[in-house]
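Working through the structure, step by step
Residue-level listing of the chains:
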Amino acid sequence: MPGSGINQITGSFHRSVCINYLYYNKDGTIDMNPFKRIGILLVFALLNLQVFAQQNSAFIKVDLAKETGDMKPIWAWFGYDEPNYTYMKDGKKLLSELAALSPVPLYVRTHSLLVSGDGQAALKWGSTNAYTEDANGKPIYNWRIIDSIFDTYVRRGMKPLAQIGFMPEALSTNNSKPYKHHWKPGDPYSDIVTGWAYPPKDYDKWRELVYQWVKHSVERYGKKEVESWYWEVWNEPNGAYWKGSQEEFFKLYDYAADGLKRALPTARIGGMNVAGTGSKGAQQWMNNFIKHCLSGKNYATGKTGSPLEAILFHAKGQPGLKGNMVVMNMSTQLRDIGTGFKTTMSYPETASLPVIIGECDPEGCAACGMATNPENAYRNGTMYSSYTAASFARIYQLSDQIGVNFLGAVSWSFEFENQPWFYGFRDLATNGVGKPVLNIFRMFGKMSGKRVEVQGNRMYQLKTIVDSSVRGPQTDIGALATKDKNSAAVMIWNYHDEDKQAPAEPINLSISDLSAKKVKITRYLIDNKHSNSYEAWKKMGSPQSPSAEQIKELEKAGQLETDGAPFDMNLKNGQLTLNLALERQGVMLVKLDW
């Protein structure tokens, strides 16, 4: 409002505003006519509203001239507990969809690849029966189920992040029964721990098992293919998954690495996928493991050190409840990541190694549904998708800040075969239907080239989120932007930790230094009306036995949708401005092509 005296930075009023809107009598005294006083108050109220709107309206500025780093596909990593879901109907369907959305090969990590059993899938359970013994204790190797799993990946151009674990029944030092657990949501988590979590009774047989597995993999898939994989030993040995000591784990790792390298000297192995990376206990494990690999005595060879070609650790958020409302907590996840990055950089020998966050999620138990864990009720709708967008952007920032060689972050979310529709598992799809969060990864797949500078008046600073997550009175309206040779992309989110719905807010997006004179603009949108199978399912009445026609409709709703049709825009001086609107917990990708 020109001449109003409003300070454009602070929104305060100069005295001239008051003088301009006062009324005077002929003798110079102020006319206090009540109607005029009301008029003055209304003017001031309108001006205050205008200032408030100016202060709170969101703007995002993208400068394509200022590069901040490569748009590494750190998001193109996925994992899950139940390996046998891999080759089942919905598992294969989801893997095909993941392969289709990514311009690069995806890496996939799964548990229980060496667990004994009949291959029947169950929650937090899987088996391959790769190793058994005859009556005389002679090893019998059977790669049929492992081949079914890895074949499914390789046929889709995917790469295993191959986990060497867990302990086959015939090798376990714990022979208590049952070996297979029967855990279900709501049961104590400790119920999953049986003989598979224990050290081997014969480390030479353990080493030979790994050697035979890797040798078979090279024979089946070829040396070049297996060289492109990563291998790691076990999972969260500082937690429930390992019932041996720290030194026994180092011994387990040494023997496994020796068998791997004997079969394929150029194979890549790393570790150790510690849980709760930011905690004191986890740091003790992680530092001791690195020191062991660098300068400790190798239990398998007697030499100094053990192979270490990648650093892996876990990072989890911590949602809670405020009454009946879910409140997310991104801070714990980002602090885990920051600690893991800094630990890696603290050793000259590991500072340049690839870093993989082996599990990177809003919380810790994928198979714990919202019926038994109401704090997990965020998973079906747009809270999960907006959290994923906002958190991955900050993970890129942490990587830039610390200077680590960051390779990937495994989203520990897949699918749960033959389970109730939208049960609230942490998954990307339910019964073959993609959830809103899957569409975030479809958006990521459309971003390439270099990341570029983003500024926004509503975007929370990295330090604020690391310290206290997104708890302020306003939502985090931020963006991640990229540019490539003939394209640019801006992912915009409207996120807050509190799982509430709110109307769309206006957002002014400006992009500078575009090299084209004309661009094609496509806006992809995830909100309550777009790319959202969960809302479509609820509108159907939340059927647990949907008809074939309903399933077809849900599958369509689970795909990434555009907000209107693409359109062309002519540019002047390399500048573009768009006025957008985004619901709370919504995410939009603005894609420019020329």
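The structure presented is a predicted model; accordingly, all values stated were derived computationally and were not measured. (Residues numbered from 1 in each chain as written. Predicted model: local features only at pLDDT ≥ 70, side-chain atom pairs only at ≥ 80, totals over all residues. Heavy atoms only, no water.)

1. Let's talk about the overall build of the chain
Along its length, the chain carries 14 helices and 24 strands. Considered along the principal axes of its C-alpha atoms, the chain spans approximately 115 × 60 × 50 Å. The buried share among the 594 residues of the chain stands at 57%. Sequence separation of 24 or more characterises 78% of the internal contacts of the chain that already satisfy a separation of 6 or more. In the structure as shown, the chain presents an accessible area of about 24,200 Å², 52% of it carried by carbon and sulfur atoms. Of the side-chain charges in the chain, 66 are positive and 59 negative, and the distance between the mean point of each set is 4 Å. (Helix = DSSP H or I, 4+ residues; strand = E, 2+ residues; numbered from the N terminus. Buried < 20%, exposed > 50% of the residue type's maximum accessible area, 1.4 Å probe, protein only. Contact = heavy atoms within 4.5 Å. Areas by Shrake-Rupley, 256 points an atom, 1.4 Å probe, with all protein chains shown as cover. Lys, Arg positive; Asp, Glu negative; His and termini not counted. Charge placed at Lys NZ, Arg CZ, Asp CG, Glu CD.)

2. With respect to the packing of helix α4 (residues 144–155) against helix α5 (residues 203–221)
Close contact between α4 and α5 brings their axes to 12 Å; oriented N to C, the two are set at 45°. Here α4 is positioned oblique relative to α5, judged by the angle of their axes. Viewed along their axes, α4 and α5 form a crossing whose handedness is right-handed. Here Ile-146, Asp-147, Phe-150, Asp-151 and Val-154 of α4 lie close against α5, whose contacting residues are Trp-213, His-216, Arg-220 and Tyr-221. Here the residues of the contact of α4 with α5 sort into 5 nonpolar, 1 polar and 3 charged. (Axes fitted to C-alpha atoms, helices over the stretch in contact; angles between N-to-C directions. Parallel < 35°, antiparallel > 145°, perpendicular 65-115°, else oblique. Left-handed = near helix turned anticlockwise from the far one by under 90°. Nonpolar A, V, L, I, M, F, W, Y, C, P; charged D, E, K, R; others polar.)

3. A short note on the pattern of salt bridges
Taken as a whole and judged by the stated rule, the model has 39 salt bridges. Between Glu-133 and Lys-205 there is a salt bridge, and its shortest N-O distance comes to 3.3 Å. Of this pair, Glu-133 sits in strand β4 (residues 131–133) while Lys-205 sits in helix α5, placing them 72 residues apart in sequence. Taking relative accessible area as the criterion, Glu-133 reaches 22% and is therefore assigned partly exposed. Using a relative accessible area of 24% as the deciding quantity, one classes Lys-205 as partly exposed. (Salt bridge = Lys/Arg side-chain N within 4 Å of Asp/Glu carboxyl O.)

4. Topic: the state of the cysteines
Applying the stated criterion to the full structure yields 1 disulfide. Sulfur-sulfur distance for the disulfide between Cys-365 and Cys-368 comes to 2.1 Å. Here Cys-365 and Cys-368 share a disulfide; its torsion about the S-S bond, 75°, makes the bridge right-handed. Side by side, Cys-365 and Cys-368 carry an identical accessibility label, which is buried. Cysteine Cys-360 shares no disulfide, and the gap to the nearest cysteine sulfur, in Cys-365, comes to 17 Å. Residue classification places Cys-360 among the buried positions, given a relative accessible area of 4%. (Disulfide = S-S within 2.5 Å.)

5. As for the side chain of His-496
On the secondary structure map, His-496 appears in the loop between β18 (487–495) and β19 (505–512). Classification of His-496 as buried rests on a relative accessible area of 3%. A distance of 3.1 Å separates a polar side-chain atom of His-496 from the backbone nitrogen of Glu-498. Excluding its chain neighbours within four sequence positions, the residues that come into contact with His-496 are Met-383, Tyr-460, Val-470, Arg-471, Gly-472, Gln-474, Thr-475, Arg-584 and Gln-585. (Polar contact = N/O pair within 3.5 Å; in protein donor to acceptor, adjacent residues only side chain to side chain.)

6. Observations concerning the pairing of strand β3 (residues 107–110)
Burial along β3 is two-sided: the residues Tyr-107 and Arg-109 and Val-108 and Thr-110 are all buried. Both strand β2 (residues 77–80) and β3 contribute to a ladder of 4 bridges, which runs parallel. Paired with Tyr-80 across the bridge in β3 is Thr-110. As for the winding sense of the linkage, the β-α-β connection from β2 through helix α3 (residues 89–101) to β3 is right-handed. Pairing of β3 with strand β6 (residues 159–164), which is carried by 2 bridges, proceeds in the parallel orientation. (Pairing = 2+ DSSP bridges. Right-handed = clockwise from strand over helix to strand, strands pointing away.)

7. Quick word on the confidence of the model for the chain
Residues shown with low pLDDT carry predicted positions that ought not to be read at fine detail. Across the chain, pLDDT averages 93, with 91% of residues at or above 70. The model gives residues 1–24 a pLDDT under 50, and that stretch makes 40 contacts with residues more than four places away or in other chains. Under a pLDDT of 50 for its full length, residues 43–54 has, in the predicted model, 15 contacts with residues more than four places off or in other chains. (pLDDT = per-residue confidence, 0-100.)

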